[in-house]
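Commentary on secondary and tertiary structure
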Amino acid sequence: MLSVRLSERVEHRLSELSNKTKRSKSYYVEHALEKFLDEQEDYLLALARLEEKGPNITLEEAKKQLGLFDE
């Protein structure tokens, strides 16, 4: 269980959306939070990879290793 304090503007928008779509406000809050967490996890993973000391390769080398070709 989690309680969240929202601004009046956000609460109003969320209530309107919930009423129009007949879905709960919790549905939209959870959906938005999942998307945010996915993006943050991807960002942190990318940041960690950038900080690793390893060999750098060009885009062309990466495409060749992955078997990708320009069309």
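See the structure above.
Please read these numbers as outputs of a predicted model, since none were measured by experiment. Counting of residues starts from 1 at the beginning of each chain's written sequence and follows it residue by residue. pLDDT decides what is reported in this predicted model: residues at 70 or higher carry local features, side-chain atom pairs at 80 or more are listed and counted, and totals for whole chains, interfaces and linings draw on all residues regardless. To get the side-chain values, take all heavy atoms of the structure and skip hydrogens and water.

What follows covers the overall build of the chain. A run of H or I in DSSP becomes a helix once it reaches four residues, and a run of E becomes a strand once it reaches two; helices and strands are each numbered from the N terminus. For the chain, the count of helices and strands is 3 helices and 0 strands. Its helices and strands in sequence order give the chain the pattern α-α-α, from N to C terminus. The globule rule used here is 2.2 Å times the number of residues to the 0.38 power, and the radius of gyration it is set against is calculated over C-alpha atoms. Compactness check: the chain gives a C-alpha radius of gyration of 21 Å against a globular reference of 11 Å for 71 residues, more than 25% above the reference. Based on the C-alpha atoms only, the size of the chain along its principal axes is roughly 50 × 30 × 20 Å. Within the span of the chain, comprising 71 residues, buried residues form 7% of the whole. All accessible-area figures derive from a Shrake-Rupley calculation using a 1.4 Å probe, and residue coverage is judged against the displayed protein chains alone. For the chain, the exposed area adds up to about 7,300 Å²; of that, 56% sits on carbon and sulfur atoms. We count Lys and Arg on the positive side and Asp and Glu on the negative side, and we leave His and both chain ends out. Charge positions come from single atoms, namely NZ of Lys, CZ of Arg, CG of Asp or CD of Glu. When the 12 positive and 15 negative side-chain charges of the chain are each reduced to one mean point, those points stand 8 Å apart. Throughout, exposure labels follow a simple rule: accessible area from a 1.4 Å probe, protein chains only, divided by the maximum for the residue type, with under 20% read as buried, over 50% as exposed, and the rest as partly exposed.

A few words on unusual backbone geometry. With phi around 60 degrees, Lys-22 is a residue other than glycine that occupies positive phi space. Overall, Lys-22 belongs to the exposed group, its relative accessible area being 73%.

Another aspect to go through is the packing of aromatic side chains. In this analysis, rings of Phe, Tyr and Trp, with Trp reduced to its six-membered ring, are considered paired at centre separations within 6.5 Å, and the interplanar angle assigns stacked below 30 degrees, edge-to-face beyond 60, and tilted for intermediate values. Throughout the structure, instances matching the rule amount to 1 aromatic pair. Ring centres 5.0 Å apart and planes at 85 degrees place the aromatic pair Tyr-27 and Tyr-28 in the edge-to-face group. Tyr-28 sits in the buried class, given a relative accessible area of 18%. Over the ring of Tyr-27 we find Arg-23, and its NZ or CZ is 4.3 Å from the ring centre. Charge over a ring is defined by NZ of Lys or CZ of Arg lying within 6 Å of the ring centre and within 35 degrees of the ring normal.

As a further point, take a nonpolar patch on the surface. Taken together, the side chains of Leu-2, Val-4, Leu-6 and Val-10 present a nonpolar region at the surface, about 340 Å² in accessible area. Its place among the elements puts Val-4 in the segment before helix H1 (8–21). Patch definition: residues with relative accessible area over 30% and no salt bridge; like charges joined within 9 Å; nonpolar side chains (Val, Leu, Ile, Met, Phe, Trp, Tyr) joined within 5 Å. The term salt bridge refers to a pairing of a side-chain nitrogen on Lys or Arg with a carboxyl oxygen on Asp or Glu at a separation within 4 Å.

Turning next to a negative patch on the surface. Judged by side-chain charge, Glu-30, Glu-34, Asp-38, Glu-39, Glu-41 and Asp-42 come together as a negatively charged surface patch. Position of Glu-39 relative to the elements: it lies in helix H2 (residues 25–51). Judged by its relative accessible area of 45%, Glu-39 falls in the partly exposed class.

From the geometry alone we can't say anything about function, so treat these as descriptive.
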